[in-house]
Amino acid sequence: MSTARTEPTVTVASAAPADLDVDLLALPVFGSDDLAQDVGGLSAASGGELARARASGEFRPKPRETLLVRTVGDGWRPPRVLHVAARTEAPDAGAPLREAAAVAARTASRLHVGRLAFVCRGDVDPVRAVQAAAEGLVLGCFEDRRYKSDREEPTLRECIVVADEAADGDLPAAASRGRTLAAAANVARELAGEPSNVLTPRVFAERAAALVGEAGVGVEILDEDAIRSLGMELLLGVARGSSEPPRLLVMRHEPPHAKESPVLALVGKGVTFDTGGISIKPADGMERMKEDMSGGAAVVGALRAIGQLRAPCRVIGLVPMTENMPGGRATKPGDILTGASGTTVEVTNTDAEGRLILADALWYARELGATHLVDVATLTGACIVALGHVSSGLFGRPAAWVDAVRGAGERAGESLWPLPVGEEYRELLRSEMADLNNVGGRPGGASSAAAFLEAFAGDLPWTHVDIAGTAWDDKGREDRAKGATGVMARTLAGLALDPGAW
Ligand code: BES
Ligand code: ZN
Ligand code: ZN
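This structure is a prediction, so every number in the text was calculated from the model and none was measured.

**Some remarks on the overall build of the protein chain**
Here is step 1 of the chain: Scanning the protein chain from N- to C-terminus turns up 15 helices and 20 strands.
Here is step 2 of the chain: Taking 502 residues into account, the globule formula puts the C-alpha radius of gyration at 23 Å, and the protein chain, at 24 Å, falls close to it.
Here is step 3 of the chain: Here the C-alpha coordinates of the protein chain stretch approximately 80 × 50 × 40 Å along the principal axes.
Here is step 4 of the chain: A buried classification covers 58% of the 502 residues belonging to the protein chain.
Here is step 5 of the chain: Within the protein chain, contacts between residues at least 6 apart in sequence are counted, and of these 78% link residues at least 24 apart.

What follows is the structure in C-alpha cells.
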C-alpha cells in the first residue's frame, strides 16, 4: 500500500510577507490584534478586507476560524492571504502557533496550492515558535486517502515559516526538528489507520522495523518461540485465540557517547484487532478496534524521531503485538496464566487483554536495564468516560516522573490529565485463585487497569498513559483530519530529547 504521508518541505525565511513568492500566505491573528505593524501593506492590498469582515462579524476571534482574502497591487506578491484566529491563552506558548499553522496547512491542501508561507507572530521565543509552526504545518496536511481509488496526489510541497532569522537560536534546526516530530506522529497515524486485515502482528512488526531501522535504531523482532522462551504466557494467552502469531518488537536507541543511565523504556500496546476474545464485544462500533495498536504505533513513531534527531539518552522501545480473537484455543474466562515475572493472573474477562500483554513487556523492559518506564495504551473505556476525547489519562509514580511526562506533553501540545493509582486500586484486583485478577469491576476501571500494570513495574519510576479517548478523532477539525491522531508520538520523543528535564 502506498503511504499516506506526504510531508512538504519546511524552510525558514525572514523576508517581508509582501515579498514572498508563495501561493498562499497564512497569518495567525490574536484576538483583535492589529496586523498593520507586522504585515504592512496587507490592508491596502486586500482593500481593507480584515477590518470589514471583523466589523460584519464574518471573522471572529474564535480559535481556528479563518478568513481568506484575495490581494492585488504592485507591492504585494502572495495572491491570497489566510487569516487564522489563534488562541490567546494556552498551557504552552507554542500551542496557538502549532494549531494555527495546522489550520493553514489543512486549508492550503484543500485549496490545492503548492507553496504556503506561515508567519510566526506573537510573543514567543523564536526557536519554540518555529518548531511549533513546523509541527503544525506537517500535522495539518496529513490526510489518509490511501484506500480511495480517486485519490489525487497532494499539491502542497513547500512550506515556509516566516521568522526573524537574526533572532537567537538555530531556526532552520528548529524547523527541521518540528517537521521530524510531526512526521513521527504521521507515521503513527498511518499505522493506526491501517485495517487489521492488512496490519497483522507480523506485518506491523516488519513495517515498524523498517521505519525505525531507517533512522538508525536497532531492531529485533521476537517470534512466538522467542516469546515462549522468555516465559511470556500473558502475551501468549491473548494470542492463543488467533491464527495470526504474536510478535514482540524490541527497539534500541544507543547513542555512541551516552551515559549508562538513564535508560528510558517506552512500551506501547500493539493489539492489531480487539474483538474482546471470548468475552466478545458487541458488533456496534467494533470496527474501531483496529486502533487498539495506537500506543504501539506512537512508540514506533517516537523511536523513529528519536533516532533521526539523535536523542542524547538511551531508549528502549517495546511493542507486544497480537490480535485478540475468540478462536477455539482462546483463553477462557477463569483461566489462569503465569506472566514472565512469575505473577499468576486469573483472566476473568478476556477483553481486558491490553494490561496482560503490557505486563509481560514491562517486565522485559526491566530485564533489559530500563531505569524509567512509560507505557501508552488504548486501555479502557472507563478513561473515555472520565476524560472524553480531550486529555489522555496519566497515572504513575513517583510524582516527579509523572510531572516530567506531563510537562513533555504540555510542550508537545498534548494534554495528559492525572488520575489516581496505587494500593487501594490494586485491592480491586484481588483473585480467589491467583495473585491478581485481570479486572477490577466498572467503578474506577481506568485506575484499576493502571494498578494492574503498576504491579509489573517493580520499583522503577513508571507512568501509564491511557489514550483510549484520544487516539482517534471521529469528527475531524479545522486543524486535523478525521481518524488516527498519532497522539503521544511527539510527547514521547520530546521526553527522550530532553533528559535534562527529568
Ligand atoms: N481496547 C479496549 C479499550 C478501548 C475501548 C479502547 C474503546 C478504545 C476505545 C480494551 O482492551 C478493553 O476492551 N477494555 C475493557 C476492559 C474491561 C473488560 C475491564 C473496557 O474498557 O471495557
Ligand atoms: Zn479489550
Ligand atoms: Zn484492547
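**Here we look at the packing of aromatic side chains**
Here is step 1 of the chain: In total, this model carries 3 aromatic pairs according to the counting rule given.
Here is step 2 of the chain: The interplanar angle of 25° and the centroid separation of 6.1 Å between the aromatic rings of Trp-363 and Tyr-364 together place this pair among those described as stacked.
Here is step 3 of the chain: Against the face of Trp-417 rests Arg-406, its NZ or CZ located 4.7 Å from the ring centre.

**Quick word on the sheet that holds strand β1 (residues 9-13)**
Here is step 1 of the chain: In spatial order, the strands read β1-β6-β5-β2-β4-β3; together these 6 strands make up an open sheet with mixed pairing. Strand pairing shows two members of the sheet lacking a second neighbour, β1 and β3 (66-70), which therefore form its edges. Across the sheet, the mean angle separating the axes of adjacent strands is 25° when strand polarity is ignored.
Here is step 2 of the chain: Taken together, the 5 bridges between β3 and strand β4 (residues 80-86) define a ladder with antiparallel strand orientation. Bridging from a neighbouring strand, Val-69 pairs with Val-81 of β4.
Here is step 3 of the chain: The sheet strands contacting helix α3 (residues 95-110) are β2 (24-30), β3, β4 and β5 (115-119), and the helix crosses β5 at an angle near 160°.
Here is step 4 of the chain: Against the sheet, helix α4 (residues 126-140) makes contact with β1, β5 and β6 (158-162), and its axis sits at roughly 155° relative to β6, the strand it touches most.

Procedures and definitions
Residues numbered from 1 in each chain as written. Chains lettered and ligands numbered in written order. Predicted model: local features only at pLDDT ≥ 70, side-chain atom pairs only at ≥ 80, totals over all residues. Heavy atoms only, no water. Helix = DSSP H or I, 4+ residues; strand = E, 2+ residues; numbered from the N terminus. Rg over C-alpha atoms; globule rule 2.2 N^0.38 Å. Buried < 20%, exposed > 50% of the residue type's maximum accessible area, 1.4 Å probe, protein only. Contact = heavy atoms within 4.5 Å. Phe/Tyr/Trp six-rings, centres within 6.5 Å; stacked < 30°, edge-to-face > 60°. Lys NZ or Arg CZ within 6 Å of the ring centre and 35° of its normal. Pairing = 2+ DSSP bridges. Axes fitted to C-alpha atoms, helices over the stretch in contact; angles between N-to-C directions.

What is shown is where atoms sit, not what they do.
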